[in-house]
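Fold and geometry: a report
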Amino acid sequence: MADTVDDKVGYFQAITGIPDTDLCTEILAAHNWDLQLAVSSITANPSSPDPSTYAPPPPPPPPPLEDDFVPLPPLAPAPQQQQQPGIAWRLVTLPFYVVSGGVGLITGSIRLGVWVAGGVLSRSLSLLGLAQGGGDGLHELPPSAVEAVDFVAEFEHEFGAGRGPQFVAEGFADALQRAHREYKLLFVYLHSPDHPDTPAFCGGCLCSEPVAQFINENFVAWGGSIRRTEGFKMSNSLNASRFPFCALVMASTNQRIVLLQQVEGPKSPEQMITILQRVVEECTASLVAGRIEAEERLNNQRLREEQDAAYRAALEADQARERQKREEQEILEREAAEAERKRKEDEEAQARAVQEAAEREAALARRRQEKAMALGAEPEKGPDVTRVLIRFPTGERKERRFHSSTTITSIYDYVDSLDCLKAEKYSLVSNFPRVTYGPEKNSQTLVEAGLHPHASLFVEIEQ
């Protein structure tokens, strides 16, 4: 057994081939003097640098825990730390570590080559326009997601596909957010491939149907290998001191986590279910409260959206009514303006008609006056005087004496001087015989027209 620091440093140098004693001491100190873990980090990690240039990074700080959180006490007192195997056992297992490290390097190289070839092929197809999607570059997964995918594939390869918990193929932070969204606890399993109890624990406990079913129903399961970066970080953050190691955590505020329970060492399916069930029962109230609070927030948000929608609908209806009212008012105003315009036009037309009628009446009055003045005085009875009787369409009769030498025009002037006829176009007609004294006879004297010594004429209005 490598009981002293010098024994561990010498054994580490013998396996890794690193000649620098101080560097070996730093690497062992960085791995809490766990010789097996330190050797695995050099021999089994394909991405590790050359041992001659290796400088161990300081262990990352653990994720912040709630200041006021007190971890739940373990279900049973943790057994004493098992004694590490002696130097003889280390020498016996030395070939295994060397072979395991070589296989890991070969596997990593193959995986890297496949990834590069796939990237080149995908890029080539994109350039040729044969690949689906319009992405211009390769979509590389985050390192944490790549490690999670590798862990799920290795776990299913070793213990059978479809067996065990349904580990999510994403990083720890994403898995924690998933659990938070689904109002579940996060089941964390840290896989130690070289631990002698790991195969029995995974095959007999985690892969048992009751345990797997209980975990899948009540938890979001995340797993990681302590040989990889994120698994190693989580083993330090969760203070993993014994394997197999499981932990139950819950997301909190400000990107913090709450460690609810650590499950260390081998456990039977019954013990595991008992622990998990107890933690679920203790956290059910807070999870239900969180779900109810989230549902209330969602309902309040939905209610606000519905209220906003109703308000917008009412506002749009009011605006529509206001628009309709304005349109109706504009129509009424246009109709009123049109009616006013027509009224003014009618008034103007009436005024013009009245004015025109007045002008015509004045013209007729002037005409009558002029005709009366042109006739002169009515002559006395005598042999050279002709008596003419005029009958109007209204039945009115007018009689006047004219000199026989007077022309037919004088009779028209006499009719025009009277206020018995409003028409401007008319003719004088005799009945027996019927003779119309039109413009062609206006220059004839009364004797020439056969109207002397007396005549009876009637006024015929021309249409």
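Right, let's walk through the structure included here.

Cut-offs and rules
- Residues numbered from 1 in each chain as written.
- Predicted model: local features only at pLDDT ≥ 70, side-chain atom pairs only at ≥ 80, totals over all residues.
- Heavy atoms only, no water.
- Pairing = 2+ DSSP bridges.
- Helix = DSSP H or I, 4+ residues; strand = E, 2+ residues; numbered from the N terminus.
- Axes fitted to C-alpha atoms, helices over the stretch in contact; angles between N-to-C directions.
- Contact = heavy atoms within 4.5 Å.
- Parallel < 35°, antiparallel > 145°, perpendicular 65-115°, else oblique.
- Left-handed = near helix turned anticlockwise from the far one by under 90°.
- Disulfide = S-S within 2.5 Å.
- Buried < 20%, exposed > 50% of the residue type's maximum accessible area, 1.4 Å probe, protein only.
- Patch = residues over 30% accessible without salt bridge, like charges linked within 9 Å, V, L, I, M, F, W, Y side chains within 5 Å.
- Areas by Shrake-Rupley, 256 points an atom, 1.4 Å probe, with all protein chains shown as cover.
- Salt bridge = Lys/Arg side-chain N within 4 Å of Asp/Glu carboxyl O.
- Lys, Arg positive; Asp, Glu negative; His and termini not counted.
- Charge placed at Lys NZ, Arg CZ, Asp CG, Glu CD.
- Expected span 1.5 Å × (residues − 1).
- Phe/Tyr/Trp six-rings, centres within 6.5 Å; stacked < 30°, edge-to-face > 60°.

**A few points about the sheet that holds strand β2 (residues 219-225)**
Pairing is mixed in the open sheet, where four strands are placed in the order β2-β1-β3-β4. The open sheet has two edge strands, β2 and β4 (257-264), and neither has a second partner. Put simply, the sheet's adjacent strands are angled 25° from each other on average, direction ignored. Sheet contacts for helix α7 (residues 198-206): β1 (185-191) and β3 (245-251); angle to β1, the most-contacted strand, approximately 145°.

**Examining unusual backbone geometry**
Of note, the amide linkage connecting F243 to P244 takes the cis form, showing an omega dihedral of 0°. Note that P244 resides in the loop between α9 (229-237) and β3. Following F432, the chain continues into P433 via a peptide bond in cis, with omega recorded as -15°. Look at N32: it is not a glycine, yet its phi comes out positive at around 55°. Although it is not a glycine, N239 adopts a positive phi angle of roughly 55°. Topologically, N239 is positioned in the loop between α9 and β3.

**Let's talk about the packing of helix α8 (residues 209-218) against helix α10 (residues 269-375)**
Closest axis-to-axis distance for the α8/α10 pair is 9 Å, and the angle between their directions is 20°. With respect to their mutual orientation, α8 and α10 come out roughly parallel. In the crossing of α8 with α10, the sense of the turn from one axis to the other is left-handed. For the pair α8 and α10, contact is made by P210, V211, F214, I215 and N218 and by P269, M272, I273, L276, Q277 and V280, respectively.

**Re the environment of H454**
Here H454 is to be found in strand β9 (residues 454-461). Separated by 65 residues in sequence, H454 and L389 have C-alpha atoms that sit 8.0 Å apart. Excluding residues that lie within four positions of it along the chain, H454 makes contacts with T386 and R387.

**Considering the state of the cysteines**
Under the definition given, this model contains zero disulfides. Between C205, a cysteine without a disulfide, and C246, which holds the nearest cysteine sulfur, the sulfur-to-sulfur distance is 7.2 Å. For C205, a relative accessible area of 1% puts it in the buried group.

**Quick look at a negative patch on the surface**
Taken together, the side chains of E327, E328, E330 and E333 define an acidic patch exposed on the protein surface. Within the fold, E333 resides in helix α10. Classification of E333 as partly exposed rests on a relative accessible area of 47%.

**Overview of helix α5 (residues 143-159)**
With 17 residues, α5 extends 24 Å from end C-alpha to end C-alpha; this agrees with the ideal 24 Å at 1.5 Å per step. Those residues of α5 lying buried are A145, E147, A148, D150, F151, V152, F155 and F159. Where α5 ends, the next residue or the one after it, G160, has phi of about 100°, a positive value.

**Some points on the packing of aromatic side chains**
In the structure shown here, the tally under the stated rule is twelve aromatic pairs. When the centroid spacing of 5.8 Å and the interplanar angle of 45° are considered together, the rings of F151 and F155 count as tilted. On the criterion of helical spacing, the pair formed by F151 and F155 is a turn pair, its members being four residues apart in helix α5. With respect to class, F151 is no different from F155; both count as buried. Between F172 and W222 the ring centres are 5.4 Å apart and the planes differ by 80°, which places this aromatic pair in the edge-to-face class. Note that F172 is positioned in helix α6 (residues 172-182) and W222 in strand β2, a separation of 50 residues in sequence. W222 matches F172 in its accessibility class, with the two residues each being buried. Within the aromatic cluster, the residues linked to one another by ring pairs are F151, F155, F159, F167, Y189 and F201.

**Observations regarding the pattern of salt bridges**
Using the criterion set out here, one finds 19 salt bridges in the structure. As a salt-bridge pair, R368 and E361 come within 3.7 Å of each other at their nearest N and O atoms. Residue classification places E361 among the partly exposed residues on the basis of a relative accessible area of 34%. We note a salt bridge from K371 to D413, for which the minimum N-O separation is 2.9 Å. Placement of K371 in helix α10 and of D413 in helix α11 (residues 408-417) is noted, with a sequence separation of 42 residues between them. Judged by its relative accessible area of 23%, K371 falls in the partly exposed class. Using a relative accessible area of 13% as the deciding quantity, one classes D413 as buried. Among the charged side chains, a network of salt bridges with common partners joins E170, R178 and E182.

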